Amino acid sequence: MNSEEWEDVATDPDWESDLGYEMEELTVVKSSTDSQLIFLPEHESQLGEEEFIVIHSDSLRDLRR
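This is a predicted model, so every value here is computed, not measured. (Residues numbered from 1 in each chain as written. Predicted model: local features only at pLDDT ≥ 70, side-chain atom pairs only at ≥ 80, totals over all residues. Heavy atoms only, no water.)

## Things to note about the overall build of the chain
Step number 1: Assigned secondary structure in the chain consists of one helix and two strands.
Step number 2: Order of helices (α) and strands (β) in the chain, N terminus to C terminus: α-β-β.
Step number 3: Across the 65 residues that make up the chain, the buried fraction comes to 6%.
Step number 4: Considering only intrachain contacts with a sequence separation of at least 6, the fraction spanning at least 24 residues in the chain is 9%.
Step number 5: Accessible area of the chain: about 6,500 Å², with a carbon and sulfur share of 48%. (Helix = DSSP H or I, 4+ residues; strand = E, 2+ residues; numbered from the N terminus. Buried < 20%, exposed > 50% of the residue type's maximum accessible area, 1.4 Å probe, protein only. Contact = heavy atoms within 4.5 Å. Areas by Shrake-Rupley, 256 points an atom, 1.4 Å probe, with all protein chains shown as cover.)

This is the structure:
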């Protein structure tokens, strides 16, 4: 997406039709201390080197509609 296309996207864009994202089922694994979570895709083939989320637990939000 180039900068002009980005400017045309709605303030609250639809994640699929506007941004091209697809909803994927993720498995959530808690660390032994429960201070960290690991999100894994359904299939190992979907796991790539650049597909990791690192956030503070206070930033977690359930975005299902």
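Back to the text.
## A word on the environment of Ile55
Step number 1: As for its placement among the helices and strands, Ile55 is situated in the segment after strand E2 (37–41).
Step number 2: Distance in space between the C-alpha atoms of Ile55 and Gln36 is 9.0 Å, their sequence separation being 19 residues.

## Quick word on the environment of Gln46
Step number 1: Looking at where Gln46 falls in the secondary structure, it is placed in the segment after E2.
Step number 2: For Gln46 and Glu24, which are 22 residues apart along the polypeptide, the C-alpha to C-alpha distance reads 10.0 Å.

## So, a negative patch on the surface
Step number 1: The grouping of Glu16, Glu22, Glu24, Glu25 and Glu42 at the surface amounts to a negative patch.
Step number 2: Note on placement: Glu42 falls in the segment after E2. (Patch = residues over 30% accessible without salt bridge, like charges linked within 9 Å, V, L, I, M, F, W, Y side chains within 5 Å. Salt bridge = Lys/Arg side-chain N within 4 Å of Asp/Glu carboxyl O. Lys, Arg positive; Asp, Glu negative; His and termini not counted. Charge placed at Lys NZ, Arg CZ, Asp CG, Glu CD.)

## Quick notes on the confidence of the model for the chain
Step number 1: When pLDDT is averaged along the chain, the result is 77, and 88% of the positions lie at 70 or above.
Step number 2: When pLDDT is averaged over each helix and strand of the chain, the minimum, 80, is found for E2 and the maximum, 83, for strand E1 (residues 26–30). (pLDDT = per-residue confidence, 0-100.)

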